[in-house]
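Observations on chain architecture
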Amino acid sequence: MWYAIEGYDAADALAMRTAARPAHLARLRALRDAGRLLVAGPCPAIDAEDPGPAGFSGSIVIAEFESMQAAQAWADADPYVAAGVYVRVEVRPFRQVLP
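Residues numbered from 1 in each chain as written. Predicted model: local features only at pLDDT ≥ 70, side-chain atom pairs only at ≥ 80, totals over all residues. Heavy atoms only, no water.

This part takes up the pattern of salt bridges. Following the criterion strictly, the structure yields 5 salt bridges and no others. For R32, the salt bridge is made with D33, and the minimal N-O distance between the two is 3.0 Å. Exposure remark for R32: the relative accessible area of 48% places this residue in the partly exposed category. Judged by relative accessible area, D33 falls into the exposed class, the value being 58%. (Salt bridge = Lys/Arg side-chain N within 4 Å of Asp/Glu carboxyl O. Buried < 20%, exposed > 50% of the residue type's maximum accessible area, 1.4 Å probe, protein only.)

Next up, the structure:
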């Protein structure tokens, strides 16, 4: 089943996010390579493609896992969690309708 994982950034987390990004992206690439990633990306903190020093308000990942517990465990092990980038992570079932 698909699960939506939403991480919410701490205030002033841009430097921590930048430092943890390679490890974070490696995990996303592993999901992609396994055919389990629908979409992933950050949410700019301002209405701009490149928010610059404003940074990001969080990230969204929609990926396939065998269960809610597996999705939550994957989210809990994210390098952004360990680095303190995310102050909160929510995992919810997701049902794709389009495309």
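Read from one edge to the other, the open sheet built from 4 strands follows the order β2-β3-β1-β4, with strand pairing classed as antiparallel. Looking at strand neighbours, the two that pair on one side only are β2 (37–44) and β4 (86–94), the edges of this open sheet. Neighbour-to-neighbour, the strand axes of this sheet turn through a mean angle of 10 degrees, independent of strand direction. Here strand β1 (residues 2–9) pairs with β4 via 8 bridges, running antiparallel. Counterpart to G7 in the pairing with β4 is V89. Strand contacts of helix α1 (residues 14–33): β1, β2, β3 (56–64) and β4, with the helix running at about 10 degrees to β3, the strand carrying the most contacts. (Pairing = 2+ DSSP bridges. Helix = DSSP H or I, 4+ residues; strand = E, 2+ residues; numbered from the N terminus. Axes fitted to C-alpha atoms, helices over the stretch in contact; angles between N-to-C directions. Contact = heavy atoms within 4.5 Å.)

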